[in-house]
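The residues making up each chain are set out below.
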Amino acid sequence: MSSCLLLSRRFTPLLFTQILAVFNAAQLAVSLCLLGWDKTASPHWQVETLPWPVLIGLALVVFAVSSWSGLLGDRLDMRRPIRRAKLVELLAMLVAVPALMSESVVGLAAALSFAAAGLAILGPVRAAILPRHLAPTEWLHGNAWLLTGTFLALPGGAASAAVLWQLPGAWRILGLCLALVGIALAGLVTSFKVPSAAPRHRLVEKWHPWRSSRDAWRHVLREKHLRPAMLGLMLFWFFMLCVISLLPALASNLVGPQSGTLYLLFTGGMVGVAVGALLCAVLSAGRLETGLVTLGVLVAGLGCLFLASLEAPATSDVPAPGSARYWLHVVWVGCGLMITGMGAALFAVPLYTLLQTVSREEWRARTLGATQMVCAVSIPLWGGYLALVPLDVQAGARWGLLGLGVLALLLGVGLLVRRPRPVLRLLVFALVHVIYRMRFQGRHHIPVRGAALVVCNHVSFMDALVLGGASPRPLRFLMDQPIYESPWLNWWFRIVGAIPVDSDRRDPGNVRRALNEVSHALRQGEVVMLFPEGRLTPDGEIQRFRRGLDMILARDPVPVVPAGLAGLWGSWTSHCGGRALTKPPRRFRARVALVFGEPLAPRDARSGLIEHRVRDLKAEADDWLSQGKPRIRSG
């Protein structure tokens, strides 16, 4: 996980602008709920007593403002809509001050609507400005930190409001007013530190509430590859809203209605989301790993099923608050919530990064605005789902969580069956990092989108796994036909998209079929990896490149990314000390270095020049290993 982003002027102001906005909105929302419950003498923290008309109104506000936010982000310097969002937040808190003084529920609801509008303006622009200031290999890290800050700010703001609400008389009003206005001002000041991001494309379109929303929807409908990620994020927010709203009933059944325990469990769930977001960044190592989406939804489903499996103690056997058995119940519920939150974060972070990656730059903010509009639909869906859950019975919350768990597992299994390659790629990445101490450099040289060739020296049978685990994009690779047809591994090679190749002497026409498959992959915008030596090195040195590389480039001129690999010579999968795979493994956790070089333009990509570049990069990787440096700069 790249913690240096937290000290970066490029990112830190944006992160704290988001954290302060969410913290303040949570303070205001909890204040509104507490005031409404006190005025109506309703039980606190129950789904039935939530202000549903206000929640539906907030969904409409977010839906209406999102297209405007996206248009502002694509039309103006992105700092300006961020500052406007903070000014709207400040206005909301100023509206909340007289509402608190007069104990007006309607006034606080109006203030919360303004605060929701500020967050709706901030959301798409915040996500769109991140790729402007971070390298592509940092995008996922940035999204992970933003999600972490968001979900840690929620319990922080809720706790602040709950504590201030306990103050006597006028001190309560004074404390809440100072907290709301003070944090809004701090957020406004922080927003002025966000770096500039001037528009790169001239856009003269003016905002119209319906026309702008319609145009955003039309664009999304044309860009079919955006829809799965947008629907996935809507499901993420629907899932989180359902779990959070079912928590009070679940906690009341399992550990009792103590508000302090409820807040502790809520915080545990939010910490789980934060841990999952940071774990996502660690597992992806700066790459866009869509396999984490499948893994995340499966983990979240298992977490819900675990919570649904917890049985409430009998009425005569309810543990006393503070007893060891009582805290054991709390720990079990907290673990289930943390697992659920971790899975949800593993699901969401790659989807945000995917949208930033595949959306066109001139439409990025509007695309993210349309995504926020889709996510707003999760609020009425949430209300509809809760209407189906029998919360009036003791096990109602468990039935609700059981339904969520089953839906999540069905979605996860469907993703796994439909697209197994990303999950296998993730498992390969984990396996390689367990076996070797990997260090990478220059991964940002692999193009974010479009076709490319990755050319590397060939040291061992693990080379393809190492490169596949290091690449920020999925790789297709050529391999020997006899190995491809291995009865034990053929299923795996077919799933990962390996391209078998053999000599014309063994199979006339095989080379032509392999070249056709490579050409098809490149024309589909994929990245293909090949080892031009055509065989494992017999002595640890790079052998002369064969003519297949020039044949591929003659058919499809694409950028070529050279790479140098060092540290695998001497492993049991290399020819060092005998034929590969015929010796017992002797090295574990060996240091391996992989250096990617700057891509060569198609007009400059010739076999001789590429070979020279690969030799230089291998020498650079060898030097790093021989000097014993603790780390190569990743990128």
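Being a predicted model, the structure only gives us computed values, none of them experimental. All residue numbers refer to positions counted from 1 along the written sequence of the respective chain. Confidence filtering applies because this is a predicted model: local features only for residues at pLDDT of at least 70, side-chain atom pairs given and counted only at 80 or more, and all residues used for totals across whole chains, interfaces and linings. As a convention, hydrogens and water are excluded, and side-chain values are obtained from all of the structure's heavy atoms.

Peer 1: Just checking my understanding: could you explain the sheet that holds strand S1 (residues 436-441) for this structure?
Peer 2: Backbone-to-backbone hydrogen bonds join strands into a sheet, with any given pair of strands oriented parallel or antiparallel. On the basis of which strands lie adjacent, the open sheet formed by 7 strands has the order S1-S7-S6-S2-S5-S3-S4 and mixed pairing. At either end of the open sheet lies a strand with only one pairing partner, and these are S1 and strand S4 (499-501). The sheet shows a mean angle of 25 degrees between the axes of neighbouring strands, taken without regard to direction. Across the sheet, helix H20 (residues 548-555) is in contact with strand S2 (452-456), strand S5 (527-530) and strand S6 (560-566); its angle to S2 comes to roughly 170 degrees. Pairing between strands is defined by DSSP: at least two bridges between them are needed. Secondary structure elements follow DSSP: runs of H or I of four or more residues count as helices, runs of E of two or more count as strands, with numbering from the N terminus. Under this scheme, a helix contributes an axis fitted over its contacting stretch, all axes are lines through C-alpha atoms, and angles between N-to-C directions fall in the 0 to 180 degree range. The contact rule is simple, with two residues in contact once any of their heavy atoms fall within 4.5 Å.

Peer 1: Is there a simple way to think about the state of the cysteines in this case?
Peer 2: One way to say it: the disulfide is the covalent bond shared by the sulfur atoms of two cysteines. Working definition: a disulfide is two cysteine sulfur atoms within 2.5 Å of each other. Scanning the entire structure with this criterion turns up 0 disulfides. With no disulfide of its own, Cys576 lies closest to Cys456 among cysteine sulfurs, the gap being 18 Å.

Peer 1: In this structure, what is going on with a nonpolar patch on the surface? I would like to understand it.
Peer 2: A patch is a set of surface residues, each over 30% in relative accessible area and not in a salt bridge, joined within 9 Å for like charges and within 5 Å for the nonpolar side chains Val, Leu, Ile, Met, Phe, Trp and Tyr. Accessibility throughout is a Shrake-Rupley quantity obtained with a 1.4 Å probe, and a residue counts as covered only by protein chains that appear here. Any Lys or Arg side-chain nitrogen located within 4 Å of an Asp or Glu carboxyl oxygen qualifies as a salt bridge. Residues Leu167, Trp171, Leu174 and Leu178 make up a contiguous nonpolar surface patch of roughly 430 Å² in combined accessible area. With respect to the helices and strands, the residue Trp171 is situated in helix H6 (residues 169-191). Remark: exposure states derive from per-residue accessible area (1.4 Å probe, protein chains only) relative to the maximum for the residue type, with buried under 20%, exposed over 50%, and partly exposed in between. According to the relative accessible area criterion, Trp171 is exposed, its value standing at 59%.

Peer 1: I keep staring at the side chain of Asn143 and nothing clicks. Help me out?
Peer 2: By the secondary structure assignment, Asn143 is in helix H5 (residues 139-165). Asn143 sits in the buried class, given a relative accessible area of 7%. Those residues in contact with Asn143 that sit more than four places away from it in its chain are Leu130, Val349, Tyr352, Thr353 and Gln356.

Peer 1: Sorry, what's going on with the side chain of Ser519 here?
Peer 2: Following the sequence through the fold, Ser519 ends up in helix H19 (residues 510-523). Here the side chain of Ser519 touches Asp556 through a polar contact of 2.7 Å, side chain to side chain. Sequence-distant contacts of Ser519, that is, excluding residues within four places in its chain, are made with Arg555 and Asp556. In protein, a polar contact means a hydrogen-donor-capable atom and an acceptor-capable atom, both N or O and within 3.5 Å, with residues adjacent in sequence counting only if both atoms are side-chain atoms; elsewhere, any N or O pair within 3.5 Å suffices.

Peer 1: Help me understand the nonpolar core, please; the structure alone is not making it clear to me.
Peer 2: One broad trend across soluble globular proteins is that nonpolar side chains are buried collectively. Side-chain atoms within 4.5 Å link the members of a nonpolar core, which is a set of buried Ala, Val, Leu, Ile, Met, Phe, Trp, Tyr and Cys residues. Residues Leu147, Leu401 and Leu404 are the most contacted members of the largest nonpolar core, which totals 87 residues. Ranked by residue count, the leading element in this core is helix H8 (residues 227-254), at 16 residues. Setting aside its immediate chain neighbours within four residues, Leu147 contacts Phe236, Val273, Ala277, Ala345, Ala348 and Val349. The next biggest cluster of nonpolar side chains, apart from the first, holds 35 residues, and it includes Tyr436, Ala563, Leu565 and Ala590.

Peer 1: Quick question: what am I supposed to make of the packing of helix H3 (residues 79-102) against H6 here?
Peer 2: Interhelical geometry of H3 versus H6 gives an angle of 170 degrees and a closest axis separation of 9 Å. Between H3 and H6, the crossing angle belongs to the class labelled roughly antiparallel. Listed contacts from H6 to Ile82, Arg83, Lys86, Leu87, Glu89, Leu90, Met93, Leu94, Ala96, Val97, Leu100 and Met101 of H3 are Ile173, Leu176, Cys177, Leu180, Val181, Ala184, Leu185, Gly187, Leu188 and Ser191. Three residue categories are used. Nonpolar comprises Ala, Val, Leu, Ile, Met, Phe, Trp, Tyr, Cys and Pro, charged comprises Asp, Glu, Lys and Arg, and polar comprises the others, including Gly. Residue composition of the contact of H3 with H6, grouped by class: 17 nonpolar, 2 polar and 3 charged. Roughly parallel covers angles under 35 degrees, roughly antiparallel covers those over 145, roughly perpendicular covers 65 to 115, and oblique covers all other angles.

Peer 1: Help me out: how do you make sense of the packing of helix H9 (residues 259-284) against helix H11 (residues 324-358) in this one?
Peer 2: Any two packed helices are characterised by how steeply their axes cross, that is the angle between the axes, and by the distance between the axes. For the pair H9 and H11, interaxial distance at closest approach is 6 Å and the crossing angle is 35 degrees. The element H9 and its partner H11 pack so that their crossing is right-handed. Considering only residue class, the contact of H9 with H11 consists of 19 nonpolar, 7 polar and no charged. Helix crossings get a hand from a simple test, with the near helix turned counterclockwise from the far one by less than a right angle marking a left-handed crossing and a clockwise turn marking a right-handed one.

Peer 1: In this structure, what is going on with the packing of aromatic side chains? I would like to understand it.
Peer 2: Here the distance between the centres and the angle between the planes together describe a pair of aromatic rings. Stacked, edge-to-face and tilted labels apply to pairs of Phe, Tyr and Trp rings (six-membered ring for Trp) whose centres lie within 6.5 Å, assigned for plane angles under 30 degrees, over 60, and everything in between, in that order. All told, the structure shown has 8 aromatic pairs when counted by the stated rule. Residues Phe151 and Trp237 carry aromatic rings whose centres are separated by 5.7 Å and whose planes lie at 20 degrees to one another, so their mutual orientation is stacked. Taken together, the residues Phe151 in helix H5 and Trp237 in helix H8 connect sequence positions 86 residues apart. Residue Trp237 is classed as partly exposed on the basis of its relative accessible area of 26%. Aromatic side chains Phe306 and Trp332 sit 5.8 Å apart centroid to centroid with 45 degrees between the ring planes, which places their arrangement in the tilted category. Taken together, the residues span a long stretch of sequence, with Phe306 in helix H10 (residues 291-309) and Trp332 in helix H11 at a distance of 26 residues.

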